[in-house]
Amino acid sequence: SAARTRQPDFGLQLAASQDIRILGPLAAAIQHSASVGEALNTASRYLFVQSPALVFSIHHRSTLVPGAVELRVEVLLPRAPVRQIMDQCLGDLHRILQFLAQDNYELHAVALPHTPTAKLRNYSKFFGAQVHADREHGGLHVSAATLGAGLGAVNQSLRNMALDYLNRHYADPGLSTVDRVRRALGSTLGSGSKQAIADLLFVHPRTLQRKLAREGALFESLRDE
């Protein structure tokens, strides 16, 4: 898409149009955390729900800024061009932190694990911080105080419901599609339609059907069981 539109900062532009809602059920667990740090720990644990190719980790010793915390993003797609994906992920993380921490958000530096095709000033303008290219890892380097910031309008009951849902359906990132469908069917007393189960698992019904087929299973058979 970046090549077709001739927009080398396509990933950043995409991130600018997105917010925390792209995280689906994980968003509720995150935004009803007691603090930014708790929200980020939740994101680190459950980001595989969004994509098994994304890894988010928190490193309390920044490799760029003394005293800062590194929020590292990794894209596990070794044979694919990940420049735009990384830009989008870092941009999304930046916008989510702005939403969560509000005025307590202090971004000191941004690390890119690649040579950007867009001008660095595009990145600096988006993030409002110094940008370092060709680093070993991609990530945002924020103040320790950012993680300690409390979140407003927290609903602990909603957070518990969201976490319960995530644990029921996504507790094991290595869980097969068959097992996930069985769990979802169990939670609906076996009466769920293919569309309803696909909605619970956040996939299109045809995608669900293809994944089951790769595992040698049929939705109807699992529902009958």
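Everything numeric in this text was worked out from a predicted model, so none of it was measured. (Residues numbered from 1 in each chain as written. Predicted model: local features only at pLDDT ≥ 70, side-chain atom pairs only at ≥ 80, totals over all residues. Heavy atoms only, no water.)

1. So, the overall build of the protein
And step 1. The helix and strand inventory of the protein stands at 12 helices and five strands.
And step 2. Relative to the globule expectation of 17 Å for 225 residues, the C-alpha radius of gyration of the protein, 19 Å, shows essentially globular dimensions.
And step 3. Oriented by its inertia axes, the alpha-carbon framework of the protein measures out at about 55 × 45 × 25 Å.
And step 4. Counting across all 225 residues of the protein, residues that qualify as buried make up 45%.
And step 5. For the protein, long-range pairs separated by at least 24 residues make up 61% of all intrachain contacts whose partners lie at least 6 apart in sequence.
And step 6. By element, 50% of the accessible surface of the protein is carried by carbon and sulfur atoms, the whole surface being about 12100 Å². (Helix = DSSP H or I, 4+ residues; strand = E, 2+ residues; numbered from the N terminus. Rg over C-alpha atoms; globule rule 2.2 N^0.38 Å. Buried < 20%, exposed > 50% of the residue type's maximum accessible area, 1.4 Å probe, protein only. Contact = heavy atoms within 4.5 Å. Areas by Shrake-Rupley, 256 points an atom, 1.4 Å probe, with all protein chains shown as cover.)

2. A word on the confidence of the model for the protein
And step 1. Mean pLDDT over the protein stands at 89; residues scoring 70 or higher make up 94%.
And step 2. Element-level pLDDT for the protein is lowest in helix α9 (residues 177-187), with a mean of 73, against a maximum mean of 98 in strand β3 (residues 107-111). (pLDDT = per-residue confidence, 0-100.)

3. A few points about a positive patch on the surface
And step 1. Positive charge collects at one region of the surface, where Arg206, Arg210, Lys211 and Arg214 lie side by side.
And step 2. As for its position among the elements, Arg206 is in helix α11 (residues 205-214).
And step 3. Judged by relative accessible area, Arg206 falls into the exposed class, the value being 57%. (Patch = residues over 30% accessible without salt bridge, like charges linked within 9 Å, V, L, I, M, F, W, Y side chains within 5 Å. Salt bridge = Lys/Arg side-chain N within 4 Å of Asp/Glu carboxyl O. Lys, Arg positive; Asp, Glu negative; His and termini not counted. Charge placed at Lys NZ, Arg CZ, Asp CG, Glu CD.)

4. Examining the nonpolar core
Considering soluble globular proteins, one finds that nonpolar side chains tend to be buried as a cluster.
And step 1. Core analysis: the largest hydrophobic core is formed by 61 residues, its most contacted members being Leu40, Phe56, Leu71, Leu140 and Val181.
And step 2. With eight residues, the top contributor of residues to this core is helix α5 (residues 83-101).
And step 3. If we ignore the near neighbours within four places in the chain, the residues touching Phe56 are Leu40, Ala43, Ser44, Leu47, Leu71, Arg72, Val73 and Leu93. (Core = buried A, V, L, I, M, F, W, Y, C linked by side-chain atoms within 4.5 Å.)

5. Quick word on the side chain of His114
And step 1. Among the structural elements, His114 can be located in the loop between β3 and α6 (120-127).
And step 2. You can call His114 buried: its relative accessible area is 11%.

6. Some words on α5
And step 1. Between the first and last C-alpha of α5 there are 27 Å, a value that for 19 residues agrees with the 27 Å anticipated at 1.5 Å per step.
And step 2. After α5 finishes, the residue Gln102 shows a positive phi value of roughly 55 degrees. (Expected span 1.5 Å × (residues − 1).)

7. Considering unusual backbone geometry
Leaving glycine aside, a negative phi is the common case for residues, and trans is the common case for peptide bonds.
And step 1. Positive phi values are uncommon outside glycine, yet Arg6 reaches one of about 60 degrees.
And step 2. Structurally, Arg6 can be placed in the loop between α1 (2-5) and α2 (10-16).
And step 3. A positive phi angle is found at Asp134, which is not glycine, with a value near 60 degrees.
And step 4. Inspection of the secondary structure assignment puts Asp134 in the loop between β4 (130-132) and β5 (138-143).

8. Brief notes about the environment of Thr115
And step 1. Assignment of secondary structure puts Thr115 in the loop between β3 and α6.
And step 2. For Thr115 and Arg210, which are 95 residues apart along the polypeptide, the C-alpha to C-alpha distance reads 36 Å.
And step 3. Reaching out from Thr115, the side chain makes a polar contact with the side chain of Asp134 at a distance of 2.5 Å. (Polar contact = N/O pair within 3.5 Å; in protein donor to acceptor, adjacent residues only side chain to side chain.)

9. Here's the deal with the environment of Ser157
And step 1. Tracing the chain through its elements places Ser157 in helix α8 (residues 156-170).
And step 2. Once the C-alpha coordinates of Ser157 and Ala29 are considered, the two residues, 128 residues apart in sequence, prove to be 9.9 Å apart.

10. Digging into the pattern of salt bridges
And step 1. What the rule picks out here adds up to four salt bridges.
And step 2. Ionic pairing is found between Arg21 and Asp19, a salt bridge with its closest N-O pair at 2.7 Å.
And step 3. The class for Arg21 is exposed, based on a relative accessible area of 68%.
And step 4. Judged by its relative accessible area of 29%, Asp19 is partly exposed.
And step 5. For the salt bridge of Lys194 with Glu220, the shortest nitrogen-to-oxygen distance reads 3.7 Å. Taken together, the residues span a long stretch of sequence, with Lys194 in helix α10 (residues 194-200) and Glu220 in helix α12 (residues 219-224) at a distance of 26 residues.

11. Let's talk about the packing of α5 against α6
And step 1. α6 packs onto α5 with a crossing angle of 25 degrees between their chain directions and a minimal axis gap of 11 Å. Taken as axis vectors, α5 and α6 run roughly parallel relative to one another. Every residue of α6 that contacts α5 at Asp87, Leu90, Gly91, His94 and Arg95 is listed here: Tyr123, Phe126 and Phe127.
And step 2. Taken together, the residues of the contact of α5 with α6 break down into four nonpolar, two polar and two charged. (Axes fitted to C-alpha atoms, helices over the stretch in contact; angles between N-to-C directions. Parallel < 35°, antiparallel > 145°, perpendicular 65-115°, else oblique. Nonpolar A, V, L, I, M, F, W, Y, C, P; charged D, E, K, R; others polar.)

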